[in-house]
Amino acid sequence: MLQIFPDTSSIAEHVSSALVARIHAKPDAVLGLATGGTMEPVYARFVAKAKQAGLDVSGITSFNLDEYIGLAPDHPKSYAAYMQEHLFAHLGFDASRLHLPDGLASDLAAHCQDYAARLQASGGVDLQLLGVGANGHIGFNEPGTPFDCTCHVVELAEQTRIDNSRFFAEGAIVPGSAITMGMAEIMSAREILLVATGKTKAQIVAEWYERDVTEAVPFTMLKQHPRARIIVDEAAASLLPAEARQQRLVANG
Ligand code: F6R
């Protein structure tokens, strides 16, 4: 379940190949998509590979994990804008199949219900991409989120707002709340690839490895998923117990 790669570019290569293979095998696949710094090299590599291979992505349906409340889709720091910039604008996606939570929805509870219903009506996610917060959040399910929750509104943890301030201009306010796909929806994906890179993720990767499944660390829920892979680089693996690191490196050849 744990795979250690030398660096971010080898991870981008591996994960983008998995995406291409999945779309080849199932041109109408449903993808669960993440944003954030971790995914940028993955999407860049995927776009290059897909262009090179002439991959047809027009049948793909996607559901993004989350969106900030209060940001319009054309706000440069919205996750809708991130997806356009890093993925959607580069390939021939069918815009009507690309779903993101609406950060400007007037009735947030109804919007969350609708998002969950659309996800279910799609037949569920075939391949879910995930990053992980330094505090163990997945999507924006912050520590303490019940594992059985579906799409909902969340108050962002202070740590998350501090971590994400790097994407905003100096002095700009990071939104305090978001809409996120729930833990139950993430777990119902048929396959999950979680990527963690860099030394800022080393502590949470070690915690994931050592702790039992607990709502205090949402990331640990993936231990219960039959087809989840935790893909880390050397920096993110650096606080794993030596034995775990050794074992996995050998296992990966
Ligand atoms: C983003 C998301 C978050 C990020 C996590 C890591 O859609 O759901 O869980 O994956 O905050 O962010 P980065 O990759 O910026 O460290």
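Residues numbered from 1 in each chain as written. Predicted model: local features only at pLDDT ≥ 70, side-chain atom pairs only at ≥ 80, totals over all residues. Heavy atoms only, no water.

Visitor: Just checking my understanding: could you explain the state of the cysteines for this structure?
Guide: Where two cysteines share a covalent bond between their sulfur atoms, that bond is called a disulfide. Evaluation of the coordinates by the stated rule reveals zero disulfides. In this structure Cys112 is a free cysteine whose sulfur lies 4.0 Å from that of Cys151, the closest cysteine sulfur available. Owing to a relative accessible area of 5%, Cys112 belongs among the buried residues under this scheme. Summary of cysteine pairing: Cys149 is not part of a disulfide, and the nearest cysteine sulfur, belonging to Cys151, is at 9.2 Å. Taking the relative accessible area as the measure of exposure, Cys149 reaches 13% and is therefore buried. (Disulfide = S-S within 2.5 Å. Buried < 20%, exposed > 50% of the residue type's maximum accessible area, 1.4 Å probe, protein only.)

Visitor: What exactly am I supposed to notice about the pattern of salt bridges here?
Guide: Summed over all chains, the structure comprises 10 salt bridges. Asp126 is paired through a salt bridge with Arg190; the nearest N and O atoms lie 3.0 Å apart. Placement of Asp126 in the loop between helix H4 (108–121) and strand E6 (127–130) and of Arg190 in the loop between helix H6 (183–187) and strand E9 (191–196) is noted, with a sequence separation of 64 residues between them. For Arg190, a relative accessible area of 39% puts it in the partly exposed group. Here Arg227 and Glu191 are joined by a salt bridge, their closest N and O atoms 3.4 Å apart. Taken together, the residues Arg227 in the loop between helix H7 (202–210) and strand E10 (228–233) and Glu191 in strand E9 connect sequence positions 36 residues apart. Taking relative accessible area as the criterion, Arg227 reaches 48% and is therefore assigned partly exposed. Where salt bridges share partners, they join Glu13, Arg45 and Lys49 into one cluster. (Salt bridge = Lys/Arg side-chain N within 4 Å of Asp/Glu carboxyl O. Helix = DSSP H or I, 4+ residues; strand = E, 2+ residues; numbered from the N terminus.)

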